Amino acid sequence: YGDGGITVGEPLDLRTGALPTDIPSHTTSGADPLPGYVIFAVGRYVLAIDNTGRVVWYRHFADGAGLNFMAQPNGRYTVRPVTPAAGDLEPWIEMDALGTITRTLTCASGLSPRLHDIIVDADGSYRLLCDETRTMDLSALGGVVNARVTGTVVQQISPAGVLLFHWSPFDHFQITDLDPADRATSNVNWTHG
């Protein structure tokens, strides 16, 4: 089924125990683990394994699980999978301990979520980094006329999706704070969060 434009796979087939053949294999060693499960992302999957290494459940993301898979203070997990469309918003996905997708988390005002970082609070609100890109004429500063300048915004969003807090570097810094060589291209990663 799909959620927020991201295609995800089915849970482990409990009748047959069959796993997809492309789930990566791992070997570990060390002291006996504590009781419970280990949940992690690898390649195109988020996996939950028991202490024997048996896959309890998995989630498949067609274009990969992305760089960040995190346990959150609210007891859930977030992942920001890659999506097939270049330049789309690529939202965060929240999952519960059983791998069920509970909601899609994104920035307000049409901004694009950065691949790091997000914190989901116990009340369900969340704070995340977002990319704000503005076209600026930097020709007088050694740059190009139509430079695409990206700054890292910090937002806090309520559980209902209402913007609670917004901080933008465009309101607090000057483009001249950036080294001249770094503002000379057509795509300027200004405050790289």
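Details of the structure are given in the entry above.
Description of the structure in this document. If you're wondering where the values come from, they're calculated on a predicted model, not measured in any experiment. (Residues numbered from 1 in each chain as written. Predicted model: local features only at pLDDT ≥ 70, side-chain atom pairs only at ≥ 80, totals over all residues. Heavy atoms only, no water.)

Some points on the nonpolar core
With 13 residues, the main nonpolar core has Trp92, Leu105, Ile118, Tyr126, Leu128 and Cys130 as its most contacted residues. Broken down by secondary-structure element, the contributors of at least two residues to this core are β10 (112–120), β11 (126–136) and β12 (147–157). A total of three residues in this core trace back to one element, the largest contributor, which is β11. Judged by nonpolar contacts, the second largest core, of twelve residues, contains Ile39, Trp57, Tyr77 and Ile93. (Core = buried A, V, L, I, M, F, W, Y, C linked by side-chain atoms within 4.5 Å. Buried < 20%, exposed > 50% of the residue type's maximum accessible area, 1.4 Å probe, protein only. Helix = DSSP H or I, 4+ residues; strand = E, 2+ residues; numbered from the N terminus.)

Examining the packing of aromatic side chains
Tallied over the entire structure, the rule returns four aromatic pairs. Between the aromatic rings of Phe69 and Tyr77, the centroid separation amounts to 5.7 Å while the plane-to-plane angle is 5°, which identifies the pairing as stacked. Each of the two residues, Phe69 as well as Tyr77, counts as buried. Here the aromatic rings of Phe170 and Trp190 are separated by 4.9 Å at their centres, their planes lie at 55°, and the arrangement is tilted. Note that Phe170 is positioned in the loop between β13 (163–167) and β14 (187–189) and Trp190 in the segment after β14, a separation of 20 residues in sequence. Accessibility classification places Phe170 together with Trp190 in one group, the buried group. A cation over a ring is seen here: Arg134 above Phe170, with NZ or CZ 4.1 Å from the ring centre. (Phe/Tyr/Trp six-rings, centres within 6.5 Å; stacked < 30°, edge-to-face > 60°. Lys NZ or Arg CZ within 6 Å of the ring centre and 35° of its normal.)

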